[in-house]
Amino acid sequence: MFGLTGILVGAVVNLLGTDLPARRALQRPHCPYCDHPRPWYQWLALPTYVVGRGKCPQCAAPVRIRYPLVEIALGFLFAWLYLRYGLSLKFVFFALYTAIFALVMVTDLERRLILNAVIFPAMALALLGALLDVTSFHGAVGWWNALKSALLGGGIGYLFFFIAALVGNALLGPGALGGGDVKLAAFVGLVVGFPLIVEALLLTVLSGGVISLLLLVTRLRSLRDPIPYGPFLVLGGWVTMIWGLEFAGWLFVQ
Ligand SMILES: [Zn+2]
């Protein structure tokens, strides 16, 4: 049931991920090649792929693989979040955060863009979540402490990436780290709060560093190429949102 909701939300994420970066009003789903509107049975990419006709009926251009992937991923994640948190406010907020993370991932990987139109409403949502005490520390701290934790987390995330961007641009030339990454880090901080933001940043830097090193060693990229940190921030933020407390506990008990 919530898997299906996830698939539907995935379709919305796909639509936003295509139309928002193009800076045009949202349209009915259509073929990007010939502009032919997608017939109703293609509004979800998944069934189209399963039946084996992932193609535009007008010009036969294939439906990009990103569409069914996002639908599958969010379908799976929504179902999993429901099993973990039950039908709760926390489930609703974490599902929304997950959808936002997916959208950021799509626009950043495809266009190297993290849009204000996505990240500002996302920040507002995360503030609301803190006010309702729906954080990783859910229920334990009260709304005032949750809000303080979120603001401090957001501030630290913002500042860390702001300084990293200054240093990166000074060392590697402009554009090494974008303003979008800085705002995304603030959003992650608002979601996971302080002190978990430290863990999220650590995971981001570690995973980003390891992958960049692999890309350098395999010569798929050179030192001059900018590292898109968005996807790693999404990964570090999401993992910390779900397992942050457990991981921190495990770390300090050892
Ligand atoms: Zn077409």
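Residues numbered from 1 in each chain as written. Predicted model: local features only at pLDDT ≥ 70, side-chain atom pairs only at ≥ 80, totals over all residues.

Along the backbone of the chain there are 9 helices and 0 strands. Walking the chain from its N terminus toward its C terminus, one meets helices and strands in the order α-α-α-α-α-α-α-α-α. Taking 18 Å as the expected radius of gyration for a compact globule of 254 residues, we find that the chain reaches 19 Å, a close match to that expectation. Considering only C-alpha atoms, the chain reaches an extent of 55 × 45 × 35 Å along its principal axes. Relative to its 254 residues, the chain shows a buried fraction of 39%. Residue pairs in contact within the chain that sit at least 24 positions apart in sequence constitute 69% of those at least 6 positions apart. (Helix = DSSP H or I, 4+ residues; strand = E, 2+ residues; numbered from the N terminus. Rg over C-alpha atoms; globule rule 2.2 N^0.38 Å. Buried ≥ 20, exposed ≤ 12 C-beta atoms within 10 Å, placed from the backbone. Contact = placed C-beta atoms within 7 Å.)

So, on to the domain arrangement of the chain. Here the chain is partitioned into domain 1 (1–87) and domain 2 (115–254). When each unit is reduced to the centre of its C-alpha atoms, the spacing between domain 1 and domain 2 is 27 Å. (Domains from an automatic or database assignment.)

Once that is clear, we can look at the environment of Ala 60. Assignment of secondary structure puts Ala 60 in the loop between α2 (45–50) and α3 (66–85). Once the C-alpha coordinates of Ala 60 and Tyr 33 are considered, the two residues, 27 residues apart in sequence, prove to be 9.6 Å apart.

Okay, the confidence of the model for the chain next. In this model, the chain carries a mean pLDDT of 86, and residues with pLDDT of at least 70 account for 92%. Per-element confidence in the chain ranges from a low mean pLDDT of 80 for α2 to a high of 94 for α3. (pLDDT = per-residue confidence, 0-100.)

Below, the discussion takes up α3. Given 3.6 residues per turn, any residue in an α-helix points the same way as the ones three and four places further on. Under the 1.5 Å per step criterion, the end-to-end length of α3 is 28 Å for 20 residues, consistent within 8% with the ideal 28 Å. Along α3, the residues classified as buried are Tyr 67, Pro 68, Val 70, Glu 71, Leu 74, Gly 75, Leu 77, Phe 78 and Leu 81. Tucked into the core, α3 has its buried residues touching α1 (2–19), α2 and α4 (89–111). Downstream of α3 by a residue or two, Gly 86 has a phi angle that is positive, lying close to 70°. (Expected span 1.5 Å × (residues − 1).)

A separate point is the packing of α4 against helix α5 (residues 116–131). Packed helix pairs are specified by the crossing angle of their axes together with the interaxial distance, meaning the distance between the axes. Axis separation between α4 and α5 bottoms out at 11 Å; the angle between their running directions is 160°. It follows from the interaxial angle that α4 and α5 lie roughly antiparallel. With respect to the hand of their crossing, α4 and α5 are arranged in left-handed fashion. Two secondary-structure elements touch here, α4 through Phe 93, Leu 96, Ile 100, Leu 103 and Val 104 and α5 through Val 118, Ala 122, Leu 125 and Gly 129. Taken together, the residues of the contact of α4 with α5 break down into 8 nonpolar, 1 polar and no charged. (Axes fitted to C-alpha atoms, helices over the stretch in contact; angles between N-to-C directions. Parallel < 35°, antiparallel > 145°, perpendicular 65-115°, else oblique. Left-handed = near helix turned anticlockwise from the far one by under 90°. Nonpolar A, V, L, I, M, F, W, Y, C, P; charged D, E, K, R; others polar.)

What follows concerns the nonpolar core. Grouped together as the largest cluster of nonpolar side chains are 61 residues, with contacts concentrated most on Leu 74, Ala 102, Val 104, Phe 187 and Val 188. Mapped onto this core, the elements with two or more residues apiece are α1, α3, α4, α5, α6 (142–172), α7 (179–192), α8 (196–217) and α9 (230–253). Examining the composition of this core, we find that 12 residues originate from one element, α4, more than from any other. (Core = buried A, V, L, I, M, F, W, Y, C linked by C-beta atoms within 7 Å.)

So, on to α6. With 31 residues, α6 ought to run about 45 Å at 1.5 Å a step, and its terminal C-alpha atoms sit 44 Å apart, in line with that. Among all positions in α6, only Ala 146, Leu 147, Ser 149, Ala 150, Gly 153, Gly 154, Ile 156, Gly 157, Tyr 158, Phe 161, Ala 165 and Gly 168 are buried.

A word on the packing of α5 against α6. At a closest axis distance of 7 Å, the pairing of α5 and α6 adopts a crossing angle of 145°. The residues of α6 that touch α5, namely those facing Ala 126, Leu 127, Ala 130 and Leu 131, are Trp 143, Ala 146, Leu 147 and Ala 150. Residues that form the contact of α5 with α6 fall into these classes: 8 nonpolar, no polar and no charged.

In this structure, the amide linkage connecting Phe 194 to the following residue, Pro 195, adopts the cis form with an omega of 10°. Take Pro 195: it is sitting in the loop between α7 and α8. For Arg 112, which is not a glycine, the phi torsion comes out positive at approximately 55°. Positive phi outside glycine occurs at Asp 133, with the angle close to 60°. Looking at the element boundaries, Asp 133 is found in the loop between α5 and α6.

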